[in-house]
Amino acid sequence: MLNRPLYPKQKTVTLICDVPNKIEIENEEPFSSASNLNLLTSLRNGRVNIWNKTPVPNYVGINSLDIFTTYLDYSYFGEGEIDGNFDFGKEICKRKDVTTRQDSLVESDECGGVNGVASLGRFSPTPEVQFFRETDSIFSRYYQIPHQKDCFVSERLYKHIQALLEEIRKTKPKLIILTGKWSLFFLTGSVTLAQTAGNVKDRKPLGGLVKYRSSVMKIHECWGEFEHNPIVVPIYHPVNASGMPDKIPVMELDIQKLAYRYHKIKEHGTSYFTEPNKEYILGTTKEIILSTLGEYKRILDEKPTLLSCDIECFFLSVIDCIGLTLSKDSGICIPFATVNNPNYWSLEDEVEIMVALREVMLHPNALHVGQNYSFDTQFYHFNWLMQIYGEHDTMVLHHILFNYLPKDLAFLASIYCEFYQYWKDEISATELNPETRWLYNIKDVQYTLEVLENLLNILSKEDQKLQDLYVFQQKRLSPVLVSMMNRGVKVDVEEKERLYTFFKGLMVDIEKRINEVLGFEFNQNSTPQKKALFKDFFGITLKVKKKGGNETCDASAMLQYIEEYPMFRPFLTLMLEYASLKVFVNNFLGMKLDDDNRARTQYRISGTATGRLASTKNVRGKGGNLMNIPSKGKIDLRYAVEVLDASEENEDLIADFEVEGTISLPNIKNIFLPDQGKEIADFDLSGADIMIVAADSECKWLMDYFSTPKEKKVYAHIASEFFQRDISDKGKEYKTFKAVFHGLNYKLGVSKLAAMARIHESLATELKEFYFYLCPEVANWHKKIELSVNRKGYVTNIFGRRGWFLNKTDPNLLNKAVAFIPQSSIADVMNNALVTMHEQHRDIDILLQVHDSAVVQYDLNKADRFREIVKQAMMVNIPYNPILTIPSDGKVSTISYGAVQDIVWESSNPVDAREFRIEEKNLIGRVL
């Protein structure tokens, strides 16, 4: 049994864990377990990584002798399944579970205390109203947590909370480190019970720590005053490292930041963090706004200066306020609307304010800075008719540096900002308190500017290629995407509505058919009904999601059930057809158009780990993901996977299954039209993936094959050589062997390849041996990438793009690392092609970018010339030695995107060099 120390010594730091673990209780040695010793070592050495013990250069950590260690509760709170007390389940309840009683015959240990904790009366007066809870005919006293309206805890647990508060008063720490969600909940009151309390199926191991980690916080005022005014900083405990390896980099950064705060506190006291010198200017009068904007303009007149901007919007349409700052310690919010007042200013005053605002925002020396700034710039364009490009975007820059980490502003601020405190919940404002939203807006721009300063410092120390890549993406690619997003693509509204009506009716027919098969009414959109059907009616053993631990019958699981339960294949296929059709109808036929009947998507540079553009609905909630427009033919049941949460990875799943439905889809691309007098063209890269593998691995056989034109595609040629018979590069047989060889490039195992291709493992083994006999350099390339991942944690493509792979427990880690090279390189090639077309030929309208192809339009009268220009722009010089140029194929139409047909080239002569030149400018390495 562990006892709380009666005479704790004064320390600068108090380290609090929620509860001891079993080993510490059995040995009666507090903080003696490997995880807690690792935590203390990490605080001293600055590194949590359980695989890499390399010390952080020049790191001065927290002196272990300066740390007082303790627990919220000195007992273990239970196993859950065994005693039912998981997460204090038996000791925390709501108001409805307790009653008030006046009799004194109550089961209680009030006088004796528990686990070395003296009686409750020593720390807190007995509440006037006493609450009791009946359990097994025994009434026990419960106490309300003062900062929670509906939370009551047992007398035993309440005594431990009070005892911990008394320890803090005795040890007089200046820095309190919280590693547990319950310590955060009880001490700060910043988190709700629902965010904290878990159960056996959904354990919520981190609770509110996910939101508040690394924040500078205070003990809630309801617990009284503390002499040394300590700051409270929650962090992840390193015990989570093994189960959540993706959190290890965050733990390391937080611990290093803790050491910085520790030394700052010792030097300056806690007021350094509790009273930062920040100025928040609320533009509630015209005079304040004009004065501040006038000062900003004066500064901008003198020299180019970073201007951090951020807008807040109502209903995805109205800009209700804008925040601006030239300094991380100051800032102004200018309101335009509130919850109950759509017109904050008179017409005359708003005009005067907008004139002054435009002078600042459009000032030639205003270097715009934002977080995901393409969102704001779209509103500037449509609401205020201001065409603005960001000089810097913190989301894009952080993604370039660390593509494996989260990139939302709250996370970036938690890592890079000195006085960080989580603020994102402050965005909600009421009629009586709009200032909350305005202060939130100012904090956004201040944090963004401070994040940028630190990120630019990090970038300056990186490889020049990586620096050039960021400059390219932000200064050259970003304007292209803004232009594409603003332009949009024309849509045949009548055809879109006709198809929408038809397929909506078809979905109703499928619902009826499913009910007829089952013999009862069944709601496909009801998850509980689907689970009951699968488990009780079909007897299917449901799979459990990694996230949350709940049973699932979502699309990804159903694709697996089809393989495992072939007797239910027809019915499950029908259900998946419905789900796939729902995605198809909602995402494409049902997408909302802008008033000019154009579909506009929002492209995000930092949307994927590989650098490929991500496509979503635009800022007004219209348009959609135009990256995955389906082709004509039988519906692909993998579309149903799109119903998964956006946070879930399904790329591997999609590669593993090929399930074709029975419904034939029309060519949805027919609804996308060229503008009047224009020709629409679709140019793509031919064989890009395998050619990049060849160049990056320096595979002699493959490079020789590509050095001269061939009648047959490379995978068909390899398969023909293996089987000693002619295998066409079209048809199902070709697709099978292409998938095998493509999988070998990505280092997939024989068993997985055989399952994917539906061939015997022995044949898959022979194909592997033959392929690596021809291409031994590819196998060596895999080893080179594995070495880079193990030594450095990342791989780099030819353009300098870096992909981090740190989760050593991921069984597919090396597959993803190998795939990163060709996938990211293709993304960079396409980005270069878009930039070349945009910068050198403004007569070409870039409409869409779809993976390895670009959809454009141009003047029909000059079609021959522009076709050649687009083809040449797509053929980017990739800086291998020798330079690699991937050929481009084009299809054109004057009718629709879906009607494009292969170009018959009248001449093989290249376009005049005076009209089009592919120079070094075509490479990312060149900076404007």
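The text that follows walks through the structure, step by step, so that each part is easy to find. These numbers were taken from a predicted model, which means no experiment stands behind them.

## Some words on the overall build of the protein
Per the secondary structure count, the protein includes 29 helices and 33 strands. Restricting the contact set of the protein to residue pairs at least 6 apart, pairs at least 24 apart contribute 70%. Put simply, the protein shows about 41800 Å² of open surface, and 50% of that area lies on carbon and sulfur atoms.

## Side note on the pairing of strand β1 (residues 13-17)
For β1, the tally of buried residues reaches five of five residues, placing the bulk of the element in the interior. Covered by surrounding structure in β1 are Val-13, Leu-15 and Cys-17 together with Thr-14 and Ile-16, the residues of both alternating faces. Alignment of β1 against strand β8 (residues 175-178), held across four bridges, turns out to be parallel. The residue bridging Leu-15 from the neighbouring strand is Ile-177, located in β8.

## Points about the pattern of salt bridges
Oppositely charged side chains are able to pair whenever their charged atoms sit close together. Applying the stated criterion across every chain yields a total of 43 salt bridges. Ionic pairing is found between Asp-87 and Lys-181, a salt bridge with its closest N-O pair at 2.6 Å. Highlighted residues: Asp-87 in the loop between β2 (67-71) and β3 (92-93) and Lys-181 in helix α4 (residues 181-188), separated in sequence by 94 residues. Across the pair, exposure class does not vary: Asp-87 and Lys-181 are buried alike. Lys-475 serves as the salt-bridge partner of Glu-391, at 3.2 Å between the closest nitrogen and oxygen. In this pair, Glu-391 sits in the loop between α11 (373-384) and β15 (392-393) while Lys-475 sits in helix α15 (residues 464-487), placing the two residues 84 residues apart along the sequence. Within the structure, one salt-bridge network assembled from shared partners comprises Asp-594, Asp-596, Arg-600 and Arg-620.

## A look at the sheet that holds strand β7 (residues 152-154)
Strand order across the open sheet formed by five strands is β3-β7-β6-β5-β4, with antiparallel pairing between neighbours. Lying at the two open borders of the sheet, with one neighbouring strand each, are β3 and β4 (99-100). Judged from the two bridges that link them, β3 and β7 form a sheet pairing that is antiparallel. Bridge assignment links Cys-93 to a residue of β7, and that residue is Phe-152. In this fold helix α3 (residues 155-171) packs onto β3, β6 (138-144) and β7, with an angle of close to 95° to the strand it touches most, β7.

## Examining a nonpolar patch on the surface
A cluster of nonpolar side chains, contributed by Leu-347, Val-351 and Val-355, occupies part of the molecular surface with about 290 Å² of accessible area. In this fold, Val-355 is placed in helix α10 (residues 347-361).

## Details of the nonpolar core
Core analysis: the largest hydrophobic core is formed by 232 residues, its most contacted members being Phe-186, Phe-534, Phe-672, Met-837 and Leu-848. Counting residues per element, this core draws most heavily on helix α28 (residues 813-840), at 12 residues. In this structure Phe-672 touches Val-489, Lys-490, Val-491, Met-591, Ala-599, Leu-626, Ile-629, Ser-896 and Tyr-897, once residues within four positions along its chain are discounted. If you look at the next biggest cluster of nonpolar residues, it comprises 31 residues, including Cys-309, Leu-357, Ala-366 and Val-619.

## A word on the packing of helix α18 (residues 555-564) against helix α19 (residues 569-589)
Running from N to C, α18 and α19 cross one another at 160°; their axes reach a closest spacing of 9 Å. Between α18 and α19, the angle falls in the class roughly antiparallel. The handedness of the crossing between α18 and α19 comes out as left-handed. Only Arg-569, Leu-572, Thr-573, Met-575 and Leu-576 of α19 make contact with α18, whose side of the interface consists of Ala-555, Met-558, Leu-559, Tyr-561, Ile-562 and Glu-563. Its residues assigned to classes, the contact of α18 with α19 comprises eight nonpolar, one polar and two charged.

## Comments concerning the packing of aromatic side chains
Inspection of every chain in the model, using the stated rule, returns 45 aromatic pairs. Here Trp-701 and Tyr-705 contribute two aromatic rings whose centre-to-centre distance is 5.6 Å and whose plane-to-plane angle is 15°, an arrangement assigned as stacked. You can see Trp-701 and its partner Tyr-705 sitting in helix α22 (residues 700-707), four residues apart, about one turn around the helix. A relative accessible area of 23% places Trp-701 in the partly exposed class.

## Quick look at the sheet that holds strand β19 (residues 598-599)
Pairing within the open sheet is antiparallel, and its three strands lie in the order β19-β16-β24. The outermost strands of the open sheet, each flanked by one partner alone, are β19 and β24 (672-673).

## Examining helix α17 (residues 527-537)
Each α-helix winds once per 3.6 residues, and so residues spaced three or four apart point in a common direction. Among the residues of α17, Lys-530, Leu-533 and Phe-534 are the ones counted as buried. All buried residues of α17 fall inside an arc of 90° around its axis, so they share one side. Every exposed residue of α17 that faces more than 90 degrees away from the buried side is listed here: Pro-528 and Asp-536. Looking at the buried positions of α17, the neighbouring elements they touch are α16 (493-518), α18 and α19. Residue Gly-539 follows α17 closely and has a positive phi angle near 75°.

## Quick word on the environment of Phe-315
Along the chain, the position of Phe-315 falls in the loop between β11 (305-314) and β12 (318-325). For the pair Phe-315 and Arg-620, spaced 305 residues apart in sequence, the C-alpha to C-alpha distance is 8.2 Å.

Procedures and definitions
Residues numbered from 1 in each chain as written. Predicted model: local features only at pLDDT ≥ 70, side-chain atom pairs only at ≥ 80, totals over all residues. Heavy atoms only, no water. Helix = DSSP H or I, 4+ residues; strand = E, 2+ residues; numbered from the N terminus. Contact = heavy atoms within 4.5 Å. Areas by Shrake-Rupley, 256 points an atom, 1.4 Å probe, with all protein chains shown as cover. Buried < 20%, exposed > 50% of the residue type's maximum accessible area, 1.4 Å probe, protein only. Pairing = 2+ DSSP bridges. Salt bridge = Lys/Arg side-chain N within 4 Å of Asp/Glu carboxyl O. Axes fitted to C-alpha atoms, helices over the stretch in contact; angles between N-to-C directions. Patch = residues over 30% accessible without salt bridge, like charges linked within 9 Å, V, L, I, M, F, W, Y side chains within 5 Å. Core = buried A, V, L, I, M, F, W, Y, C linked by side-chain atoms within 4.5 Å. Parallel < 35°, antiparallel > 145°, perpendicular 65-115°, else oblique. Left-handed = near helix turned anticlockwise from the far one by under 90°. Nonpolar A, V, L, I, M, F, W, Y, C, P; charged D, E, K, R; others polar. Phe/Tyr/Trp six-rings, centres within 6.5 Å; stacked < 30°, edge-to-face > 60°. Arc of directions from axis to C-beta.

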